[in-house]
Amino acid sequence: MRTIAVIARKGGSGKTTVAVHLAIAAHLRGRRVLLADADPQRSSCEVLKGRREDGPGWAETSGPKLFALQVASQRSQVDALIIDTAAGAEDEVAHAIVLADLSLLVIRPTFLDFAAAIRTVDVMRRLHKPGLIVLNQAPTAREGIEPPAVKKAQEALRLMRLPVAPTILRARSAYQAAVECGRSAEELDPSGAASQEVAELWAFIERLTFGKCADRGLCA
Ligand SMILES: Nc1ncnc2c1ncn2[C@@H]1O[C@H](COP(=O)(O)OP(=O)(O)OP(=O)(O)O)[C@@H](O)[C@H]1O
Ligand SMILES: [Mg+2]
């Protein structure tokens, strides 16, 4: 089993959207998935409760209960435990980072998201835990040219020396429309751009976490 934590100190960066989309992506590809919602807002659970078709399992939990949930998930042969976390709750989030094979730090290409992310990067480094930045809600590139906010973000990420997911999730209404009905953009509009982004992002994360090199870790 692999455990993936979706984290960000900044509220609204897209943790729940990313956690739900990746959980459904893994489910659609035959993985047995549990989405653990460690945020008292329970947004991930709200989304999955609204789902009509088969999908990932979900559980309401909290930071201190995550270890027991991880052990139970392993016993019940879950392949992928995906943890959605709360903004700001550093101690709670540290539990998720410690247990995760990979933490996804979801940030928008804005100054305030970066400022908040720097502390999380420090925590991951101190814990020697692997992390991957996922840029979310980015404005779209035009004719292959990234908007200034994205260019600036990419430059800042280079300075932070953390691995960055090669797929950028753009600001697209498909992400919002999908979670409204408990689904993912891949299911709602399989040929759409959001669908392609999610498929690429999951393929990358799956290679990192389930692939041959997964045990070597990613960064620290
Ligand atoms: N790529 C995207 N494109 C368009 N809208 C998005 C995208 N990602 C997230 N959103 C929207 O941004 C808002 C915040 O997203 P979400 O709830 O996933 O963030 P969060 O980090 O989980 O928030 P919180 O800190 O409150 O838990 C939601 O309205 C969501 O639909
Ligand atoms: Mg959330």
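Structure: see above.
Residues numbered from 1 in each chain as written. Chains lettered and ligands numbered in written order. Predicted model: local features only at pLDDT ≥ 70, side-chain atom pairs only at ≥ 80, totals over all residues. Heavy atoms only, no water.

Colleague: Please explain the overall build of the protein as it appears in this structure.
Modeller: Scanning the protein for helices and strands turns up 9 helices and 6 strands. For the protein, the spread of C-alpha atoms along the three principal axes comes to 45 × 40 × 35 Å. Across the 220 residues in the protein, those meeting the buried criterion constitute 50%. Counted over contacts in the protein with a minimum sequence separation of 6, partners at least 24 positions apart contribute 77%. Carbon and sulfur atoms make up 51% of the accessible area of the protein, which amounts to about 10600 Å² in all. (Helix = DSSP H or I, 4+ residues; strand = E, 2+ residues; numbered from the N terminus. Buried < 20%, exposed > 50% of the residue type's maximum accessible area, 1.4 Å probe, protein only. Contact = heavy atoms within 4.5 Å. Areas by Shrake-Rupley, 256 points an atom, 1.4 Å probe, with all protein chains shown as cover.)

Colleague: Got a minute to help me understand the pattern of salt bridges in this structure?
Modeller: Side chains that differ in charge, positive against negative, can pair when their charged atoms come close. Inspection of the entire model under this criterion finds 12 salt bridges. In this structure, a network of salt bridges that share partners links the residues Arg9, Glu90 and Arg119. (Salt bridge = Lys/Arg side-chain N within 4 Å of Asp/Glu carboxyl O.)

Colleague: Even after reading the chapter, I still don't get the pairing of strand β4 (residues 80-84), so can you show me in this structure?
Modeller: Buried residues dominate β4, accounting for 5 of its 5 residues. Covered by surrounding structure in β4 are Ala80, Ile82 and Asp84 together with Leu81 and Ile83, the residues of both alternating faces. As paired strands, strand β1 (residues 2-7) and β4 are joined by 5 bridges and run parallel to one another. Note on β4: the bridge partner recorded for Val6 is Asp84. Across 5 bridges, the pairing between strand β2 (residues 33-37) and β4 is parallel. The residue of β4 that forms the bridge with Ala36 is Ile83. (Pairing = 2+ DSSP bridges.)

Colleague: Even after reading the chapter, I still don't get unusual backbone geometry, so can you show me in this structure?
Modeller: Glycine aside, a negative phi is what most residues show, and trans is what most peptide bonds show. At Gln77, a position not held by glycine, the phi torsion is positive, near 60 degrees. With respect to the helices and strands, the residue Gln77 is situated in the loop between α3 (66-75) and β4. Phi at Glu143 is positive, roughly 50 degrees, even though this residue is not glycine. With respect to the element layout, Glu143 can be found in the loop between β6 (131-135) and α6 (148-160). For Glu143, a relative accessible area of 81% corresponds to the exposed category.

Colleague: Is there a simple way to explain the site of ligand 1 in this structure?
Modeller: Taken together, 17 residues sit near ligand 1, with Lys15, Thr16, Thr17, Asn136 and Gln176 positioned nearest. The separation between an oxygen atom of ligand 1 and a polar main-chain atom of Gly12 is 3.0 Å. One nitrogen or oxygen atom from the side chain of Thr17 is found 2.6 Å from an oxygen atom belonging to ligand 1. Calculation on ligand 1 without its partners gives an accessible area of 630 Å², and the protein chains cover 78% of this total. Considering every element that reaches the shell around ligand 1, the biggest residue donor is helix α1 (residues 15-28), with 3 residues. (Near = heavy atom within 4 Å. Polar contact = N/O pair within 3.5 Å; in protein donor to acceptor, adjacent residues only side chain to side chain.)

Colleague: Sorry, what's going on with the sheet that holds strand β3 (residues 57-60) here?
Modeller: The strands that make up a sheet pair up through hydrogen bonds in the backbone, lying either parallel or antiparallel. With parallel pairing, 6 strands are arranged side by side in an open sheet as β3-β2-β4-β1-β5-β6. Only two strands of the sheet have a single neighbouring strand rather than two, namely β3 and β6. Sheet twist, expressed as the mean angle between neighbouring strand axes with direction ignored, is 20 degrees. This element, α3, spans β1, β2, β3 and β4 of the sheet and lies at about 170 degrees to β2. (Axes fitted to C-alpha atoms, helices over the stretch in contact; angles between N-to-C directions.)

Colleague: Where do I start with the packing of aromatic side chains in this structure?
Modeller: Aromatic rings considered in pairs are described by the distance between their centres and by the relative angle of their planes. The tally for this structure, following the rule as stated, stands at 0 aromatic pairs. Above the ring of Phe210, the side-chain terminus of Arg31 is found at 3.8 Å from the ring centroid. (Phe/Tyr/Trp six-rings, centres within 6.5 Å; stacked < 30°, edge-to-face > 60°. Lys NZ or Arg CZ within 6 Å of the ring centre and 35° of its normal.)

Colleague: Please clarify how the state of the cysteines should be interpreted in this entry.
Modeller: By definition, a disulfide links the sulfur atoms of two cysteines through a covalent bond. Tallied over the entire structure, the rule returns 0 disulfides. The thiol of Cys45 is unpaired, and the distance to the nearest cysteine sulfur, on Cys181, comes to 17 Å. On the basis of relative accessible area, Cys181 is assigned to the partly exposed category, the value being 31%. (Disulfide = S-S within 2.5 Å.)

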